[in-house]
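Residue-level listing of the chains:
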Amino acid sequence: MTHTVPTLPLPDFTHERVEVITGRRSGLFLTVALHSSVLGSALGGARLWTYPHWSDALGDALRLSAAMTLKNAAAGLDAGGGKSVIALPPGVTLDADRRRAAFLDLGDAVESLHGLYRTAEDVGSTTDDMLVVSERTEHVVGLPDAVGGSGEPAGPTSLGVYESLRATLERVTGTADVAGRRITVSGLGQVGSRLAVRLSAEGAHLTVTDVNPAKRDLATELGADWIAPGEEHLVPADVFVPAGIGGLLTDEVIDALDAKAVCGPANNPLADHSGAERLAGRGILYAPDFVVNAGGVIYLDLEAKRLGTRTEIMDRVAQIGDTVRRIFDEAESRGVTPLEAAEGLAAERLAAGGRQPALAV
């Protein structure tokens, strides 16, 4: 089944450098977007996805790389923001040989930035794909455990989202307890599935959906309610969790959203930046995505730099919940949205060139 991202207008261009190529082996459109290296070598995953047009893939890379700058700054990492995208035309699937060719092409594109950007696994790609990339460049993290790499980052990402969700529940219900809370998870990929399993085990009343109907089996296993994609925002919930592709929260969806709060791992879930104000106008609390979903990048960056044991790094990931609480407090004290508060805190660190204390410390 082919899944595409929504067609959105190109964002403003604020990037240091963008490479756009046709892979010489695969013939596919590839782009590497370096948004900022102010805080250090940029870090951001490699997305393999289907797009209606190459310009949609470029726009996705521009948006995602800019979000990575904010994410890495807010997470207190000495890392800039970047992203890479391999675009599949509608209806095209890759056999093993062409997939390998695509990631060799990506390795060449990453190498062309001479260490200013490090790539990693992301939506549509795997740690095994990163092993292929490593044949062409050393600027890749998250290689398989079997070869001494840090492995799959979805677990740390899910932990950060879980702690963020608890902080969000605490703010809108008075308690961080998950048991008995109505939670809607939109998207059951690597992170959404892990989160749903944990929430179910802790007694949440779950409603779930995914564009892949095969994911309904997981809903059955968890005793969760299944809702058709596109209708999940209409289900009453304490927290709505966007966990799929970005752009889900359009003005129309926000106006109909029946939830007290939004907190999820999807990158750029707001179709428009003004969506944060629109949510606030409806009294819906928004936990900024680039703070909530930073667990994976914290894990990958600190593992690659050997900055602590895995236990210590996971403890650092769990502190994301406290960062979310601080952002809520900052937003309330300043009378701004949590998104504006989070962006402001990240901007302060960027302006200081990394000399400010990290938010998660």
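Our subject is the structure listed above.
Residues numbered from 1 in each chain as written. Predicted model: local features only at pLDDT ≥ 70, side-chain atom pairs only at ≥ 80, totals over all residues. Heavy atoms only, no water.

**Student:** Honestly, the packing of aromatic side chains in this entry has me stumped. Any pointers?
**Tutor:** Think of a pair of aromatic rings as described by two things: how far the centres are apart, and how the planes are tilted against each other in angle. Going through the model one piece at a time under the given rule, you end up with one aromatic pair. Ring plane angle 35° and centroid distance 5.8 Å describe the contact between Phe29 and Trp54, whose orientation is recorded as tilted. Within this pair, whereas Phe29 is found in strand 2 (residues 29–36), its partner Trp54 is found in helix 1 (residues 54–74), the two being separated by 25 residues in sequence. A residue is classified by how much of its surface remains accessible, and Phe29, at 14% relative accessible area, is buried. Residue classification places Trp54 among the partly exposed positions, given a relative accessible area of 46%. The ring of Tyr162 carries the charged tip of Arg198 above its face, separated from the ring centre by 3.7 Å. (Phe/Tyr/Trp six-rings, centres within 6.5 Å; stacked < 30°, edge-to-face > 60°. Helix = DSSP H or I, 4+ residues; strand = E, 2+ residues; numbered from the N terminus. Buried < 20%, exposed > 50% of the residue type's maximum accessible area, 1.4 Å probe, protein only. Lys NZ or Arg CZ within 6 Å of the ring centre and 35° of its normal.)

**Student:** Help me out: how do you make sense of the pattern of salt bridges in this one?
**Tutor:** Taken as a whole and judged by the stated rule, the model has 26 salt bridges. Residues Glu202 and Arg198 are paired through a salt bridge, measuring 3.4 Å at the closest nitrogen-oxygen approach. Given the relative accessible area of 30%, Glu202 is considered partly exposed. For Arg310, the salt bridge goes to Glu303, with nearest N and O atoms at 3.1 Å. Through salt bridges with shared partners, a single network forms among Arg25, Asp105, Asp108 and Arg136. (Salt bridge = Lys/Arg side-chain N within 4 Å of Asp/Glu carboxyl O.)

**Student:** What should I look at first to understand helix 2 (residues 96–111) in this one?
**Tutor:** Residues that lie three or four places apart on an α-helix share one face, since the helix turns once every 3.6 residues. In this model helix 2 runs 23 Å from its N-terminal to its C-terminal C-alpha over 16 residues, within 8% of the 22 Å that 1.5 Å per residue would give. For helix 2, the complete set of buried residues consists of Ala101, Ala102, Phe103, Leu104, Asp105, Leu106, Gly107, Ala109 and Val110. For helix 2, the elements touching its buried residues are strand 1 (17–22), strand 2, strand 4 (46–50), strand 5 (81–88), strand 6 (117–118) and helix 3 (127–133). (Expected span 1.5 Å × (residues − 1). Contact = heavy atoms within 4.5 Å.)

**Student:** How should helix 4 (residues 154–173) be read in this particular structure?
**Tutor:** Counted at 1.5 Å a residue, the expected span for helix 4 with its 20 residues is 28 Å, and the 28 Å between its end C-alpha atoms agrees. Judged by how many residues are buried, helix 4 sits mostly within the fold: 14 of 20 residues are covered. The first or second residue beyond helix 4 is Gly174, which carries a positive phi of 95°.

**Student:** Just checking my understanding: could you explain the packing of helix 4 against helix 12 (residues 320–334) for this structure?
**Tutor:** What describes two packed helices is the angle between their axes and the distance between those same axes. At a closest axis distance of 7 Å, the pairing of helix 4 and helix 12 adopts a crossing angle of 40°. In terms of orientation, helix 4 lies oblique with respect to helix 12. Viewed along their axes, helix 4 and helix 12 form a crossing whose handedness is right-handed. Judged by residue contacts, Gly160, Glu163, Ser164, Arg166, Ala167, Thr168, Glu170 and Arg171 of helix 4 engage Ile320, Gly321, Val324, Arg325, Phe328, Asp329 and Glu332 from helix 12. (Axes fitted to C-alpha atoms, helices over the stretch in contact; angles between N-to-C directions. Parallel < 35°, antiparallel > 145°, perpendicular 65-115°, else oblique. Left-handed = near helix turned anticlockwise from the far one by under 90°.)

**Student:** Whenever I open this one, the sheet that holds strand 7 (residues 182–186) confuses me. Can you help?
**Tutor:** Remark on secondary structure: sheet strands pair via backbone hydrogen bonds, oriented parallel or antiparallel. If you walk across this open sheet you meet the six strands as 9-8-7-10-11-12, and the pairing is parallel. Each of the sheet's edge strands pairs with one partner strand only, and the pair in question is strand 9 (225–226) and strand 12 (285–286). When strand 10 (residues 237–242) meets strand 11 (residues 259–262), the two strands line up parallel, connected through three bridges. Following the sheet pairing, Ala237 is matched in strand 11 by Ala259. Helix-sheet contacts for helix 4 involve strand 7, strand 10, strand 11 and strand 12, and the interaxial angle to strand 10 is about 150°. (Pairing = 2+ DSSP bridges.)

**Student:** Whenever I open this one, the nonpolar core confuses me. Can you help?
**Tutor:** Nonpolar side chains in soluble globular proteins tend to end up buried together. Judged by nonpolar contacts, the single largest core of 74 residues is most densely connected at Ile183, Val185, Leu199 and Leu206. Counting residues per element, this core draws most heavily on helix 4, which supplies seven residues. Among all residues touching Leu206, those that are not within four sequence positions of it are Ile183, Val185, Ala196, Leu199, Ser200, Ala224 and Asp225. Ranked by size, the runner-up nonpolar core spans 22 residues in total, among them Leu48, Ile86, Leu88 and Ala102. (Core = buried A, V, L, I, M, F, W, Y, C linked by side-chain atoms within 4.5 Å.)

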